[in-house]
Amino acid sequence: MCLAVPGKIITIEEVDSLRMAKVSFGGVMKQICLEWVPEAKIGDYVIVHVGFALNIVDEKEAEETLKMISEIEALMIEEEKQNTTSAE
Amino acid sequence: MKYLDEYRDAKAAQALIQKIKSTSKKSWVIMEICGGQTHTILKYGIEELLPTNITLVHGPGCPVCVTPLEMIDKAIAIASLKDVIFTSYGDMLRVPGSKSDLLNVKANGGDVRMVYSPLDALKISELNPDKKVVFFSVGFETTAPPNAMAVVEAQRRKLNNFSILCAHVLVPPAIEALLSSRESRIQAFLAAGHVCTVMGYSEYIPISKEYNTPIVVTGFEPVDILQGILMAVQQLEESRCEVENQYSRSVRLEGNPIAKKLLTETFDIVDRKWRGIGTIPQSGYRLKEKYSSFDAEKIFNVEYITKEESPLCIAGEVLQGLKKPTECSAFGTLCKPESPLGAPMVSTEGACAAYFHYHK
Ligand code: SF4
């Protein structure tokens with residue numbers, strides 16, 4: 001139930017005096033409340049749960065995580081190479 | 001999709017598994033607290049890919065599973081009333097109460113409606129001024145702010161026909177209850193990334209210290225979970241014990257301050273009963289006195305309803321990670337997703353249902 005998914009803000013508008021956005025989830029549009037992410041702007045990715053944006057995705061941190069993972073990938077490939085050469 | 005596909009990458013997962021293998025020297029027991037993570041673990045067969053010295057136990061982090069039987073009975077009692085429209089997230093509709101479930105109420109003529117967001121429930125109450133619209137307000141800290149917002153908005157829009165049946169639960173007290181249990185075999189936790197997106201993770205620092213247990217805030221995709229496991233294993237192997245944040249693209253230390261403020265203004269923290277576990281002190285939310293006119297328990301006078309669980313169901317032990325669902329005598333026979341005996345068989349995030357779908 002706590003599943004939240006990242007989506008991209010396409011438009012921002014005021015509805016019933018709430019700050020709302022049209023958010024695209026891989027092309028599927030939904031109307032999402034932006035009240036808790038006042039700094040969010042068009043083009044930002046937000047983490048959405050039951051119609052509310054909980055936070056803005058931090059692009060730098062996302063890159064950082066992926067960089068760490070690709071370093072592990074490189075390291076593992078290296079290790080495997082060493083293992084196969086030492087086995088030969 | 002951006003921010004999803006990268007974290008489902010098979011090569012990255014493979015590398016992380018290899019790294020976990022080469023890092024873990026001893027045997028470790030790690031609990032993922034959140035049902036969403038349990039679902040991913042079972043769906044992608046992560047347990048089978050891990051080295052045998054790493055054991056994952058599945059925690060009580062599925063609100064559908066831990067909402068107590070008596071709360072379901074209260075929901076059913078209210079939903080059966082003539083002038084009521086009962087609204088709920090879809091997963092709660094099939095949860096068995098002691099005699100029936102909400103879908104059954106609907107089949108018998110009750111007006112029970114599934115909503116995607118609590119804002120939809122508000123809309124229904126605007127469109128039906130002659131009906132009483134009740135929203136089943138369940139969930140952890142992730143879902144609590146949206147539900148709180150519904151109450152605040154109902155007040156602002158002067159919707160006197162709207163109320164919530166409040167059954168909110170909180171993660172940190174549950175982690176403490178699990179760790180302080182003498183039977184606990186949990187050595188590290190993966191904390192729930194979306195709960196922490198709202199609340200941040202400073203609350204976990206004293207818990208990690210007191211129980212000498214690493215806690216890694218973790219996301220929901222397979223690569224996230226594997227990296228979370230790796231971080232936990234690294235801490236355990238190095239005898240470190242810290243709160244670390246794997247899900248930093250979404251979680252900041254302080255969480256979302258606006259959503260948190262809304263929570264403290266709307267709810268009081270109270271003791272709550274958890275299905276299969278019992279009462280955990282200070283582990284849930286109740287509407288503040290100033291919002292009591294939106295409290296369905298008071299409006300419909302169902303506070304008196306209490307109920308105990310079926311003796312066959314070992315959900316309590318499953319939710320505490322003491323037993324696997326397959327160790328339950330009813331698993332797959334008396335208890336199946338189509339005819340669930342206990343709550344963990346209901347939601348796809350429940351440990352028993354996840355085992356049933358992916359593990360047979
Ligand atoms: S299999 Fe069914 S009866 Fe057994 S613990 Fe799970 S929910 Fe309860």
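Given the structure is predicted, the values throughout are model-derived calculations rather than measurements. Each chain carries its own residue numbering, running from 1 in the direction its sequence is written. The lettering of chains begins at A and the numbering of ligands begins at 1, in the order of writing. The predicted origin of the model limits local features to residues at a pLDDT of at least 70 and limits the giving and counting of side-chain atom pairs to 80 or more, whereas totals for whole chains, interfaces and linings rest on all residues. Heavy atoms throughout the structure, all of them, feed into the side-chain values; hydrogens and water do not.

**Details of the side chain of Ser-163 of chain B**
Step number 1: Under the DSSP-based scheme used, a helix requires at least four consecutive residues in state H or I and a strand at least two consecutive residues in state E, with every element numbered from the N terminus. Mapped onto the elements of the fold, Ser-163 of chain B is located in strand β6 (residues 162-169).
Step number 2: Contact criterion: two residues are considered in contact whenever any of their non-hydrogen atoms come within 4.5 Å of each other. Aside from chain neighbours lying at most four places away, what touches Ser-163 of chain B is Val-133, Val-134, Phe-135, Phe-294, Asp-295, Ala-296, Ile-299 and Phe-300 of chain B.

**Comments concerning the site of the ligand**
Residue and element names in this part refer to chain B.
Step number 1: One heavy atom within 4 Å of a molecule or strand is enough for the residue carrying it to be called near that molecule or strand. Around the ligand, a shell composed of Cys-313, Ile-314, Ala-315, Cys-328, Ala-330, Phe-331, Cys-335, Leu-341, Gly-342, Pro-344, Met-345 and Cys-352 is seen.
Step number 2: Only protein atoms enter the calculation, which uses a 1 Å grid: trapped sets of points that fit a 1.4 Å probe without letting it out are cavities, open sets showing protein on both sides within 12 Å along at least five of seven lines are pockets, and any residue with an atom within 4 Å of a point is a lining residue. For a molecule to be placed in a cavity or pocket, more than half of its atoms must lie within 2 Å of the grid points of that cavity or pocket. Taken atom by atom, the bulk of the ligand overlaps the largest cavity.
Step number 3: A class-by-class count of the residues in the shell around the ligand yields eleven nonpolar, one polar and no charged. When residues are sorted by character, Ala, Val, Leu, Ile, Met, Phe, Trp, Tyr, Cys and Pro go into the nonpolar class, Asp, Glu, Lys and Arg into the charged class, and all the rest, Gly among them, into the polar class.

**Overview of the environment of Ile-229 of chain B**
Residue and element names in this part refer to chain B.
Step number 1: The topology assignment puts Ile-229 in helix α12 (residues 222-237).
Step number 2: Sequence spacing of Ile-229 and Leu-16 is 213 residues, and the spatial spacing of their C-alpha atoms is 9.2 Å.
Step number 3: Non-local contacts of Ile-229, meaning those with residues more than four positions away in its chain, are made with Ile-20, Ile-30, Ile-46, Leu-50, Ile-54, Leu-56 and Leu-190.

**Let's talk about α12 of chain B**
All names here are of chain B.
Step number 1: Helices are assigned an expected span. That span is 1.5 Å times one less than the residue count. For α12, spanning 16 residues, the distance from its first C-alpha to its last is 22 Å, which sits close to the expected 22 Å at 1.5 Å a residue.
Step number 2: Counting buried positions along α12 gives 15 out of 16 residues, so the element sits mostly inside the fold.
Step number 3: Two residues or fewer after α12 comes Ser-239, characterised by a positive phi angle close to 50 degrees. Each residue's exposure class comes from its accessible area (1.4 Å probe, protein chains only) as a fraction of the maximum for that residue type: buried when under 20%, exposed when over 50%, partly exposed otherwise.

**Overview of the pairing of strand β1 (residues 5-15) of chain A**
All names here are of chain A.
Step number 1: A pair of strands counts as paired when DSSP detects no fewer than two bridges linking them. As paired elements, β1 and strand β4 (residues 45-49) share four bridges and run antiparallel to each other. Looking at the pairing, Gly-7 lines up with Val-46 of β4.
Step number 2: Examined bridge by bridge, β1 and strand β2 (residues 18-25) share seven bridges and lie antiparallel to one another. In the strand pairing of β2, Ile-12 is matched with Ala-21.
Step number 3: Adjacent in sequence and paired antiparallel, β1 and β2 are bridged by two residues, among which Asp-16 carries a positive phi angle near 50 degrees.

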